[in-house]
Amino acid sequence: MNSHATPTAAARTAATRTAAPDTAAATEAAMAEILELDAEVLEAYLSELTTWLGELSDREPVRIVDLGSGTGTGAIALARRFPRAGVSAVDVSPQMLHRLSAKASGLGLADRVRGVQADLDQGWPDLGGGDLVWAAAALHHLADPGRVLSHVFDALRPGGLLAVTEMDFFPRFLPEDAGVGRPGLEARLHDALKGAPAPGWTDHLVRAGFTPEAERPFVIDLPAPLPGATARYAQACLRKLRSHLDGQLPADDLAALDAVTDDEGPHSVLRRGDLTVRTTRTTWVGRRP
Ligand SMILES: C[S@@+](CC[C@H](N)C(=O)[O-])C[C@H]1O[C@@H](n2cnc3c(N)ncnc32)[C@H](O)[C@@H]1O
């Protein structure tokens, strides 16, 4: 699954927004859980990424914007990395921003991390200027990312940085033979959902006026044994993929996947000691000249 396959993801986001309220809330709650577990399991990667952005910055960022902040993974990592910074976390979803505020309060960051509820497809919110704009797994959700990037350009000071991060593929967790009688199960699952290769964001950045500064893939490969949150993260991610798979895999594969994502049973991810986390995320950095 290419998370930055723009039309598909934007269409999915629009579909969630127009779904029946109960369905939309449940979909959003499931996504929020994945985002929170993602932040916990991939903390070391986030720390490496924010450190690198600090090195690329011409001075310490004090005005930061997180676009499509979700539950605040980026906003909070950035507030921690840059202790003098105020972070505006923009998201269309009140539920995501509610979780972000609760997390920021719990960490004593409420005075520096503020949620801004806005639909970026409808216009640019009043955010003031910025030193650093961060958009992780977010731009591909937007109907017209180019329009939003031109607003980002205007909002940044000369020398300010934009960092766009996207997931190259959804994380993988299982060994080749997960012991469910269906070797290669997870690879087939990913193949069934794979979209067209995504072109990357350099052209978008250049069209909006940015000077491309860097493009860096972060290869994440966490070996077993991993802490407990990994099992819940694996379960939530695999269940999300499973929800798109009906009719796209043989029934035996779907049954095996159900055994792996079940809360109970010997093959459940919640009971395994052999989970790993393998994924790649790429960050494109542009500087306003
Ligand atoms: C996959 S999540 C990524 C969240 C966060 N950046 C992270 O890396 O954990 C995408 C987020 O973009 C938000 N989003 C989608 N369309 C949006 C829009 N038009 N305006 C503002 N936020 C939007 C969603 O509500 C969701 O929280």
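Everything numeric here is computed off the predicted structure, so don't read it as measured data. (Residues numbered from 1 in each chain as written. Predicted model: local features only at pLDDT ≥ 70, side-chain atom pairs only at ≥ 80, totals over all residues. Heavy atoms only, no water.)

### Observations regarding empty space enclosed by the protein
Vacant regions in the atomic arrangement are exposed by a probe of water-molecule size rolled over the atoms. Enumeration according to the criterion identifies one cavity of 30 Å³ or more in this entry. If you add up the space inside the largest cavity, you get close to 40 Å³. The wall of the largest cavity is formed by Ser57, Asp58, Arg59, Pro61, Asp131, Leu132, Arg157, Gly159, Gly160, Leu161 and Arg287. The set of elements that each furnish at least two residues to the lining of the largest cavity consists of β4 (130–136) and β5 (156–172). With four residues, the single largest contributor to the lining of the largest cavity is β5. When its residues are assigned to classes, the lining of the largest cavity shows three nonpolar, three polar and five charged. (1 Å grid on protein atoms, 1.4 Å probe; cavity = no way out; pocket = protein on both sides within 12 Å on 5 of 7 lines; lining within 4 Å. Points joined across faces, edges and corners; volume = space filled by probe spheres on them. Helix = DSSP H or I, 4+ residues; strand = E, 2+ residues; numbered from the N terminus. Nonpolar A, V, L, I, M, F, W, Y, C, P; charged D, E, K, R; others polar.)

### A look at helix α6 (residues 145–155)
Among the residues of α6, those classed as buried are Pro145, Val148, Leu149, Val152, Phe153 and Ala155. Angularly, the buried residues of α6 cover 165° about the axis, an arc narrow enough to put them on a single face. (Buried < 20%, exposed > 50% of the residue type's maximum accessible area, 1.4 Å probe, protein only. Arc of directions from axis to C-beta.)

### Remarks on the layout of surface pockets
By volume, the second largest pocket amounts to about 330 Å³. Along its surface, the second largest pocket is lined by 15 residues, and Ala39, Glu43, Leu46, Ile76 and Arg80 are the ones closest to its centre. Secondary structure elements with two or more residues in the lining of the second largest pocket: α2 (21–41), α3 (43–56) and α4 (73–81). Counting residues per element, the lining of the second largest pocket draws most heavily on α4, at five residues. Class assignment for the residues of the lining of the second largest pocket results in five nonpolar, four polar and six charged.

### Examining unusual backbone geometry
Here the amide bond leading from Ala224 into Pro225 is cis, since omega sits at -5°, within 30 degrees of zero. Relative to the helices and strands, Pro225 resides in the loop between β6 (211–222) and α9 (228–242). In this structure, Ala137 takes a positive phi of about 50° despite not being glycine.

### Some points on the sheet that holds strand β1 (residues 63–67)
The strands making up a sheet associate through backbone hydrogen bonding, with each pair oriented either parallel or antiparallel. Taken in spatial order, the seven strands line up as β3-β2-β1-β4-β5-β7-β6 in an open sheet, and their pairing is mixed. Edge positions in the sheet fall to β3 (113–117) and β6, since each of these pairs with one other strand and no more. Averaged over all pairs of adjacent strands, the angle between their axes in this sheet comes to 20°, without regard to strand direction. Note that β1 and β4 share four bridges and pair parallel. When the bridges of β4 are listed, Leu67 appears paired with Ala135. With respect to the sheet, α3 is in contact with β4, β5, β6 and β7 (277–287), its orientation differing from that of β6 by roughly 160°. With respect to the sheet, α9 is in contact with β5 and β7, its orientation differing from that of β5 by roughly 80°. (Pairing = 2+ DSSP bridges. Axes fitted to C-alpha atoms, helices over the stretch in contact; angles between N-to-C directions. Contact = heavy atoms within 4.5 Å.)

### Quick look at the nonpolar core
With 56 residues, the main nonpolar core has Leu53, Val113, Phe173, Tyr233 and Leu238 as its most contacted residues. Within the second largest apolar cluster, 23 residues are counted, among which are Val116, Val148, Phe153 and Val164. (Core = buried A, V, L, I, M, F, W, Y, C linked by side-chain atoms within 4.5 Å.)

### Topic: the site of the ligand
Taken together, the neighbourhood of the ligand is formed by 19 residues, with Gly68, Asp91, Asp119, Leu120 and Ala136 sitting nearest. Between the ligand and the protein, one listed contact pairs an oxygen atom with a side-chain N or O atom of Asp91 at 2.6 Å. The fraction of the free accessible surface of the ligand (600 Å²) that becomes covered by protein chains is 91%. A class-by-class count of the residues in the shell around the ligand yields eight nonpolar, seven polar and four charged. (Near = heavy atom within 4 Å. Polar contact = N/O pair within 3.5 Å; in protein donor to acceptor, adjacent residues only side chain to side chain. Areas by Shrake-Rupley, 256 points an atom, 1.4 Å probe, with all protein chains shown as cover.)

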